[in-house]
Every structure is written in structure tokens, then in C-alpha cells.
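Fold and geometry: a report
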Amino acid sequence: MNRLQEILQRKQEIRSLLESDGEVNVKEIQEELRQLQEEEAKIIEKRKIAEGIQLGSIESRHIENPLEQQGSQKPEIRDMKWDQAIDTEEYRTLWAKEMMGQSLNSEERDLFNKVNDEYREFTHTTENSQILIPKTVAAGIWRRAEEQYPLWADVRKFNVPGNLSMLKSDGNAVDGRWYTEDQKVDTDELGFGQLDLTGCELAKAIQVTWKLKKMALPEFESYIIREIGDRMGISLSKGVYEGKGKPGAGESFKPEPRGIKTVLSAETDKPQIIEYNTKTGVEFKTLTGVMAKLHSSYVNGATIYANNASIWNILANIVDGQGRPLFITDVQAGGVGRILGRSIKPDAGIPEGEFLIANVSAGYVANINEDITMYREDHVRDRLTDYMGYAIVDGDVLDSKAFVILQAEPTTPTV
């Protein structure tokens, strides 16, 4: 058994595990799947290159149509369900050809339509232009979003189709007490709130010239992954930080994940938001006060998030009482440095001058209610094609005590 077969077998085992009633660590499984999909994509790419060398050159080889190389033999994906078919190289090639506007023969068209029709039936949608993305491409888009926006990357995520409801504590539980042998143990009535992640529509479009569409298939995939991943990533990061949530009565904004800043700003007296004076900047005492606001149970695993300008113009220049800089350059923990033992990660989704100190994986949860699909629209007269990535995602705060925000005081306008 070669490595590719081992990967496919392991993915099937994971699928069976998720469909069972047993306990699973969703975060670990998501990470393992991501690694498997990355390794699978690399193996497939290496095989394409190797086959191109054997035939003289990659350009001269008609790699866009592996189905034609099989002659009259029916492709394996014909007998697969849609969620299995999108994991194959055959569907990946058909998808890329369709996206690039290349013609599909009748057999290819039947297979492509079969997979997407089954998917639309599964999701109860009749949208004809909705095209299911291959797993390796979808995984690449999500990975790109996480690489560029660490706040979204650190969020605890679920992939539950449809709505996801979770219980969260109301924070009023009382700690255990010591008792004598004859004392009756007090009972506390635990209060729980419900967190409903019903999904918000996220879409991002890019426009490609027809000349650019003539690129090779691997280059086209990389382009889609990079562009859609970057543009969806910034929206996801901003949603986690300052998304408005669902509109209430009399409100007209579009549904978004409910952001950390939105939740903290709604609390009485805003206990988890600290302001600093822009004239004096962020001082050592201010920073230690921020750290003190973080609940002790969330300190381990807490990270500081800010945009690049805020990190190097403000954080990197903070000194202690002896004039010694607090900032230590360190890229080992996935960030650019450390302050007071906390890793600092640059994220463009945080406004300039603001800092989020957070244990995101413990205090925030997101659900990908519907994975990424793709839409294509041609503009003949302009010789342009629009590609739109679409997903349904939602998120909300589980515990506000896992977050502290440091922001500048509002300035008083001069008359």
C-alpha cells in the first residue's frame, strides 16, 4: 500500500469515527484532516510533474483531461456519492476545467453534473450556478485564511451542517467549599445560556481577465486559493473581533458572527475594555493592568493580537520602570515576538491602535454551517470572469472573561 492509499484509508477511518456515537476530539481530527489533505495534494502534484517529464514536457501533456486517458473505461467517481467524489483527482480536474471555461465532453459533463446535483439535493438548494469545490481546494482556501489571519486560525471551529446550538455557563457557579462531617452540603442552581450558531452568508468575489484564465490548471488552483483565501480570511477575522451579530428589531444590518468587541462593549461599565491615552501611549502599568483583567483560568494559552503597525509602533517601544524594552523578538510560537510571556500575532483584522489579549480557543467558538462553494459569471463584452467563493459561517463568544481589549481613549474634537 502506497502513501496515497494510506491517506485515503485514514480519511475513511476518520469519516467512520465521526459518524459513530463515540466521543471524539473535533479539533484534533480537523488538524489531522488538514495535514492529510495537504500531503495528498503534494503527492498528486508530484505525480503530475513526473508524468509530464515522461511525456517530454508538462505543457505538451494534456493533463487537463485524465478521463480521456482512461478510454472507454468508466471513471471510478461515477459510482461514488458526492462527498466521496469531491475527494478525487478526477473531480478536481473537472472542476478546474469548468471554472476556466474549458469545454467538457458529454461523459465529463454528466459526471460533473451528477456530483453537483447530488450536492444541491443534499443541501436542499436549487441554485444551478452553485459549484462544489474539491476538498483539496477548499482545504487550501481555509488554510490560506488561517495563515494570513491568526485570530481566525486560533478559533475553535466545528463543521456541523445546518444550525449548531451549545450550552454555556452563565458564570454564576460557586466554588466548592470545605465541610464538617455533620454539615449538609449546599447546592447551587447552575444557570446555562444557549449559544445558537445559525449561520451567516459569507461571499467574496474576484475578477479575472480571459487572458489570465489561460494559465495552467495548477496555477489556476493556486490563484483561486490565494485570492479567495485572503479575502474571505479578512472578513472572518473582522467577524470574530467586531462582527455585529444578528440584527434585532428595528435593525437593518446584514447578519454576521458576533464579535468579541461587540460582546465586551455591551457589558455594563465595559469591565474587559481598558483605554490608554494616545499622548502618553501604552505604558508598562497599563499593560500589566490589562493582563490582570484576564481571568486566571485563561492566562495559559492567551495571545496578544494587533495589526502590524500597532505592534511595531506601540508594543515594540514599551519599556519597564528601568527603561528596558519589554518586547522580545520570537517567531517560534507562531507570532513575531513576546511581551510579559505572551505571544504577539499580527492580524490585519484588528483596527490600528487596538490590542486584543485573549485565549481565543477557549472563549470563542465558530461553526462552518456550509463549506465553500464557487460561482462563476462571464462578462463577454468585457472579456472578464467573476469568481465568487461562498460559505455559511457563524461564531460567538462563549465566555467574555477570556478576553481583554486595550484601545485608545476617544479624542475630544477641537472647536
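A brief report on the enclosed structure follows. (Residues numbered from 1 in each chain as written. Predicted model: local features only at pLDDT ≥ 70, side-chain atom pairs only at ≥ 80, totals over all residues. Heavy atoms only, no water.)

For the structure shown, the criterion picks out 19 salt bridges. A salt bridge links Lys345 to Asp154; the shortest N-O distance between them is 3.0 Å. Highlighted residues: Lys345 in strand 10 (residues 342-346) and Asp154 in the loop between helix 8 (150-153) and strand 2 (156-158), separated in sequence by 191 residues. Using a relative accessible area of 11% as the deciding quantity, one classes Lys345 as buried. The salt bridge involving Lys246 is made with Asp394; its shortest N-O contact spans 2.6 Å. Taken together, the residues span a long stretch of sequence, with Lys246 in the loop between helix 9 (217-242) and helix 10 (260-266) and Asp394 in strand 13 (residues 384-397) at a distance of 148 residues. Overall, the relative accessible area of 1% leaves Asp394 in the buried class. Bridged by salt links that share partners, the residues Lys11, Glu40 and Asp87 form one connected network. (Salt bridge = Lys/Arg side-chain N within 4 Å of Asp/Glu carboxyl O. Helix = DSSP H or I, 4+ residues; strand = E, 2+ residues; numbered from the N terminus. Buried < 20%, exposed > 50% of the residue type's maximum accessible area, 1.4 Å probe, protein only.)

Let's shift gears to empty space enclosed by the protein. One way to see where empty space is left: roll a probe the size of a water molecule over the atoms. Summed over all chains, the structure comprises 2 cavities of 30 Å³ or more. What the largest cavity holds in volume is close to 40 Å³. What lines the largest cavity is Trp152, Leu236, Gly239, Val240, Pro257, Tyr364, Ala366, Val393, Asp394 and Gly395. Those elements giving two or more residues to the lining of the largest cavity turn out to be helix 9, strand 12 (364-379) and strand 13. Residues of the lining of the largest cavity, tallied by class, amount to 7 nonpolar, 2 polar and 1 charged. Estimated volume of the second largest cavity: approximately 30 Å³. Forming the boundary of the second largest cavity are Glu40, Ile44, Ile86, Asp87, Thr88, Glu89, Arg92, Pro134 and Thr136. (1 Å grid on protein atoms, 1.4 Å probe; cavity = no way out; pocket = protein on both sides within 12 Å on 5 of 7 lines; lining within 4 Å. Points joined across faces, edges and corners; volume = space filled by probe spheres on them. Nonpolar A, V, L, I, M, F, W, Y, C, P; charged D, E, K, R; others polar.)

Moving on, we come to unusual backbone geometry. Residue Lys270 is not a glycine yet carries a positive backbone phi of 50°. With respect to the helices and strands, Lys270 occurs in the loop between helix 10 and strand 6 (273-276). Of the residues examined, Lys270 reaches a relative accessible area of 40% and is grouped as partly exposed. With a phi angle near 50°, Leu340 is a residue other than glycine that sits in the positive phi range.

If you want to describe how two helices pack, look at the angle between their axes and the distance between the axes. It is the contact of helix 5 (residues 89-99) with helix 6 (residues 106-122), at a shortest axis distance of 10 Å, that shows an interaxial angle of 100°. The angle between helix 5 and helix 6 places the two elements in the roughly perpendicular class. In this structure, helix 5 contributes Tyr91, Leu94, Trp95, Lys97 and Glu98 to the contact, and helix 6 contributes Glu108, Arg109, Leu111, Phe112, Val115 and Asn116. In terms of residue class, the contact of helix 5 with helix 6 is built from 6 nonpolar, 1 polar and 4 charged. (Axes fitted to C-alpha atoms, helices over the stretch in contact; angles between N-to-C directions. Parallel < 35°, antiparallel > 145°, perpendicular 65-115°, else oblique. Contact = heavy atoms within 4.5 Å.)

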